[in-house]
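So the chains spell out like this:
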Amino acid sequence: MTEKPVPGQGMADWIMPDWPAPAPVKAFVTTRSGGFSAGAYHSLNLGVRCGDDPLAVARNRSLVCQHLPAAPVWLDQVHGSGVLDLIGRGSNDIPDRRFDALVSDGGQVAVVL
């Protein structure tokens, strides 16, 4: 594991969509650049289920969280049709995170797949 993220990379090469979404809706897509993971998971791996060093993944997630408006709800993408319904409950009350989308009435919500 490297001590610092890869210099000159990271958010600069993340993908910012140019879409007609309402003004309060923001999004970005990370690339693998600018993180702490090594080897096959180099560099900005955010997945906890792939065998990467958990400390490196935690550092990578922390790096991404610096660019979010709130603590994120991390989902385990399954490429299905399930939608997590958070209406009327908090994000800490999620026994199963295997979803590809989320709905909420909680105001500002950051979702990570």
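Whatever comes next refers back to the structure up there.
Conventions we followed
Residues numbered from 1 in each chain as written. Predicted model: local features only at pLDDT ≥ 70, side-chain atom pairs only at ≥ 80, totals over all residues. Heavy atoms only, no water. Helix = DSSP H or I, 4+ residues; strand = E, 2+ residues; numbered from the N terminus. Buried < 20%, exposed > 50% of the residue type's maximum accessible area, 1.4 Å probe, protein only. Contact = heavy atoms within 4.5 Å. Areas by Shrake-Rupley, 256 points an atom, 1.4 Å probe, with all protein chains shown as cover. Salt bridge = Lys/Arg side-chain N within 4 Å of Asp/Glu carboxyl O. Phe/Tyr/Trp six-rings, centres within 6.5 Å; stacked < 30°, edge-to-face > 60°. Lys NZ or Arg CZ within 6 Å of the ring centre and 35° of its normal.

(A) Quick peek at the overall build of the protein. Of the regular secondary structure elements, the protein holds 1 helix and 4 strands. Across the protein, helices and strands are ordered from the amino to the carboxyl terminus as α-β-β-β-β. Out of the 113 residues belonging to the protein, those deemed buried represent 27%. A separation of at least 24 residues holds for 36% of the contacts in the protein among residues at least 6 apart in sequence. Of the roughly 7200 Å² of accessible surface on the protein, a fraction of 56% belongs to carbon and sulfur atoms.

(B) Structural context of the environment of Pro24. One can find Pro24 in the segment before helix 1 (54-65). Overall, the relative accessible area of 71% leaves Pro24 in the exposed class. Measuring from C-alpha to C-alpha, the distance between Pro24 and Gln108 comes to 9.0 Å, with 84 residues separating the pair along the chain.

(C) Up close: the pattern of salt bridges. Applying the stated criterion across every chain yields a total of 2 salt bridges. For the salt bridge of Asp76 with Arg49, the shortest nitrogen-to-oxygen distance reads 3.9 Å. Of this pair, Asp76 sits in the loop between strand 1 (72-74) and strand 2 (83-85) while Arg49 sits in the segment before helix 1, placing them 27 residues apart in sequence. A residue is classified by how much of its surface remains accessible, and Arg49, at 58% relative accessible area, is exposed. The salt bridge partner of Arg98 is Asp96, with a shortest N-O separation of 2.9 Å.

(D) Structural view of the packing of aromatic side chains. All told, the structure shown has 1 aromatic pair when counted by the stated rule. The interplanar angle of 10° and the centroid separation of 4.9 Å between the aromatic rings of Trp14 and Phe28 together place this pair among those described as stacked. Placement of the pair is Trp14 in the segment before helix 1 and Phe28 in the segment before helix 1, with a sequence separation of 14 residues. Its relative accessible area of 23% is what places Phe28 among the partly exposed residues. The aromatic ring of Phe36 is capped on one face by Arg59, whose charged end is 4.0 Å from the ring centroid. Lying over the aromatic face of Trp74, Arg61 brings its terminal NZ or CZ to 3.9 Å of the ring centre.

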